[in-house]
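Coordinates in review
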Amino acid sequence: MKPIADKETTRRASEKFTAWQKSLVPVKQNQTRTPATIKKQQNLTSAADSSAECLAKTLRTALCIENDELSPPPISKGTASEMLNRPWEWEKRVHTELASVERKHAHQPQWWYLCHIGWLENGVFDDPPAATFNGRVPAGLLSKPSDGFTQTESETLDSAVRNILRRLGGLLHVRHQPRVALDPPIPAAWWRRTIAEKISAVDELAQEGWDADRCHRVLRSSSLWGQIIDRIAKSYETLLDTRAIAAICYMTDNGTDPKQACRAVAVRCAAYHPEWTGWEILTRKP
Amino acid sequence: MGSKRSRRRKRLKRRNRKHRARPLPPAASRVPVLDARYDGNLDWGATSYHPKIGLITDEGDIKVSSNELAGPGAATLQGLIDDYKTMWVLAVRSSLTLHAKTLKAKLGRNQFVGRVRWEDLPRSGHKLYGHPGMIAVKDFELPADSEGLHPAWGDAYGTEPIKIQRGAWLVRGRYQPLQPLGATLMTFIADPQLPRKRIKLRYSSGGGHPHWNVSLNAEDLKAVKSAPGTDPLQAAVLMGAWTAVLAAANTLPEFTGRNGQRDDIADAVMDELKDKDTQCPDFGTDDFDPVYAATLLHDLPEHAPDST
């Protein structure tokens with residue numbers, strides 16, 4: 001795959017990334033925000049509300065890559081509704097178009113930010129992009145003096161900024177790295193379909209006629225994908241095994257609550273290696 | 001007051017009921033595990049497990065050079081390997097790239113080499129862990145009076161053999177972070193006092209893990225920490241650091257083997273050197289050339305670094 005930017009650009013953007021996000025949003029949402037932070041938040045939301053070009057320019061300035069060339073993998077234009085609701089067909093199409101993306105890049109929020117900047121400049125998203133990234137705020141908040149915000153107004157603005165940052169590639173210092181597979185719509189689509197294709201190769205599922213499409217649909221059902229990623233982020237690394245995820249999907253499809261299915265498989269994987277364990281043991285109802 | 005006291009009494013009663021000793025589960029659902037992850041091993045008494053996991057090379061090789069068992073249950077557990085009932089594995093997992101792969105030994109073997117795909121893993125080796133252990137590869141029965149097994153197994157279940165199901169973990173080692181050779185041997189530290197393109201080296205055995213602290217100017221450190229590539233400055237810094245480390249290693253007793261056995265890192269470095277050049281002299285010999293050895297571990301830069 002063609003690199004998205006040269007090494008120096010990537011290094012510079014990575015260095016600035018966390019500090020920039022920390023300067024925009026505190027870890028806890030109820031933490032007091034200074035007028036300077038509110039001013040920065042206003043700048044980002046008004047850029048998103050103004051135009052895609054303006055948002056891309058703001059992001060470039062923040063990451064110190066004003067004049068650097070970016071060449072993200074090509075992707076066809078999507079609507080704000082698709083980015084917000086993430087329909088199954090859209091996720092499948094996104095994955096097909098981004099088939100050349102490698103895991104070593106796909107786990108980095110910074111890499112997805114560079115992609116999104118390039119896509120904003122290439123007109124991939126609706127213009128202005130505020131709705132696409134769920135970052136709309138009442139117009140009055142954008143022009144209000146930053147020292148005159150009430151608690152509620154400040155929280156509204158903060159939520160919008162968090163939405164934009166999460167959807168552009170992840171909010172690293174608040175949500176941590178594995179959630180790059182959960183929060184931003186495009187990376188989440190890529191990860192979900194990639195894992196669906198992997199688990200569809202598990203013998204027991206293949207014998208029952210499960211294909212990648214069915215696995216993908218099950219992974220999207222209820223809160224299953226969120227449960228899996230959250231547990232992996234909390235050090236339940238045994239759930240990374242393909243057969244473990246396949247077993248969770250199978251149980252959920254047969255009516256087990258996703259949370260219970262994750263817990264049951266995690267407990268079994270602590271005593272048995274999922275690759276060698278009988279399918280009936282792995283998928284037994286809790 | 002009275003009602004408060006009675007509520008408290010009820011709460012305590014409920015709690016006691018919850019924590020009342022429960023009967024042992026049936027034998028079929030329990031497996032004795034030698035778990036080296038925690039202190040105090042109830043199932044196998046004084047038996048211990050010490051896996052030796054080699055370091056990842058740039059090609060992604062992981063060598064499990066031995067799976068040592070010691071103590072009263074060692075013969076029983078080794079017997080299971082020799083009878084092809086169990087095998088040694090190393091589960092490699094990276095929560096960042098949602099990657100999991102299990103490297104397996106051949107049946108009946110205690111050593112093995114496996115390869116992970118670097119494309120699937122975070123380049124720095126950060127958050128990549130190996131989980132060594134022994135698993136059952138088929139259903140079998142383990143006599144309750146096996147040598148080394150805690151007598152409680154016999155007391156609780158009589159002479160009934162313990163049913164082990166395929167896939168059960170019988171031995172589990174500690175999670176081990178897996179890092180490339182350089183990352184394990186050298187720790188790079190920013191030193192604001194150092195001018196650019198200068199390196200200082202200090203030996204440290206902190207935390208029982210012998211390694212070298214390589215001090216660099218913060219700007220040079222950035223170049224070294226970025227993914228290995230063709231940057232001449234980075235290559236020169238790594239070359240310099242390797243040469244210094246190997247020159248120091250050549251004189252240290254724990255590396256050269258003059259003071260008892262060599263440590264794991266020394267073995268891993270020498271294995272790596274011998275892989276690149278079988279004629280490479282051993283540590284501690286007069287023929288060992290640290291500059292030549294450094295070029296085996298890191299290629300010379302293609303262009304001369306900027307001297308300004």
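For every chain, the first residue of the written sequence is number 1, and numbering continues from 1 along that sequence. Chain letters start at A and ligand numbers start at 1, both assigned in the order the entries are written. Selection of residues for local features in this predicted model requires a pLDDT of at least 70, selection of side-chain atom pairs for listing and counting requires 80 or more, and totals for whole chains, interfaces and linings are taken over all residues. With hydrogens and water set aside, each side-chain value is computed from the structure's full complement of heavy atoms.

A look at the pairing of strand β10 (residues 169-172) of chain B
Residue and element names in this part refer to chain B. Two strands make a pair as long as DSSP finds a minimum of two bridges between them. The numbering of helices and of strands both runs from the N terminus, where a helix is a DSSP run of H or I of at least 4 residues and a strand a run of E of at least 2. One ladder, built from two bridges, connects strand β1 (residues 34-35) with β10; its direction is parallel. For L34, the partnering residue across the bridge sits in β10 and is V171. One ladder, built from three bridges, connects strand β7 (residues 128-136) with β10; its direction is antiparallel. Counted as the bridge partner of M134 is V171 from β10.

Comments concerning the sheet that holds strand β12 (residues 186-190) of chain B
Residues and elements named next belong to chain B. Judged by pairing direction, the sheet is mixed, and its three strands sit side by side in the order β12-β14-β13 without closing on themselves. The open sheet has two free edges, formed respectively by β12 and β13 (200-204), since each of these has just one partner strand. Taking the axes of each pair of neighbouring strands and ignoring which way they run, one obtains an average angle of 25 degrees across the sheet. Pairing of β13 with strand β14 (residues 211-216) involves five bridges; the strand directions are antiparallel. Bridging across to β14, S204 finds its partner in H211. Inter-axis angles, ranging from 0 to 180 degrees, are taken between N-to-C directions of lines fitted to C-alpha atoms, where helices are fitted over the stretch in contact.

Some details on the nonpolar core
Definition used in this section: a nonpolar core is a set of buried Ala, Val, Leu, Ile, Met, Phe, Trp, Tyr and Cys residues joined via side-chain atoms within 4.5 Å. Relative accessibility under 20% of the residue-type maximum defines a buried residue, over 50% an exposed one, and the middle range a partly exposed one, all with a 1.4 Å probe and only protein chains included. Among the nonpolar cores identified, the biggest contains 84 residues, and W20, W112, I186 and L219 of chain A are the most heavily contacted of them. In what follows, a contact means two residues having at least one pair of non-hydrogen atoms within 4.5 Å. With residues near it in sequence (within four places) discarded, I186 of chain A still touches I75, M83, W90, V94, L98, W112, H116, W119 and F125 of chain A. Counting residues in each nonpolar core, the second largest holds 35 residues, with A36, Y49, L80 and A105 of chain B among its members.

Structural notes on the environment of K40 of chain A
All names here are of chain A. With respect to the secondary-structure elements, K40 resides in helix α2 (residues 35-50). Residue class for K40 comes out partly exposed when judged on its relative accessible area of 40%. On a C-alpha basis, the gap between K40 and V25 in space is 9.5 Å, while along the polypeptide they are 15 residues apart.

Thoughts on the pattern of salt bridges
Should the charged atoms of two oppositely charged side chains come close, the side chains can pair. All names here are of chain A. The term salt bridge refers to a pairing of a side-chain nitrogen on Lys or Arg with a carboxyl oxygen on Asp or Glu at a separation within 4 Å. For the structure on display, the rule yields 22 salt bridges over all chains. Note that E197 and R193 form a salt bridge whose closest N and O atoms lie 3.5 Å from each other. In this pair, E197 and R193 both sit in helix α11 (residues 185-199), four residues apart, roughly one turn of the helix. Classification of E197 by relative accessible area gives partly exposed; the value is 37%.

With respect to a positive patch on the surface
Each patch is built from salt-bridge-free residues with over 30% relative accessible area, joining like charges within 9 Å and nonpolar side chains (Val, Leu, Ile, Met, Phe, Trp, Tyr) within 5 Å. Where accessible areas are quoted, they stem from the Shrake-Rupley method and a 1.4 Å probe; at the residue level, only the protein chains shown are allowed to cover. Positive residues here are Lys and Arg, negative ones are Asp and Glu, while His and the chain termini are left out of the count. Charged side chains are reduced to one point each, which is NZ for Lys, CZ for Arg, CG for Asp and CD for Glu. A contiguous patch of positive charge, built from K4, R5, R7, R8, R9, K10, R11, K13, R14 and R15 of chain B, is present on the exposed surface. Relative to the helices and strands, R14 of chain B resides in helix α1 (residues 2-18).

By themselves, these figures tell us nothing about what the structure is for.
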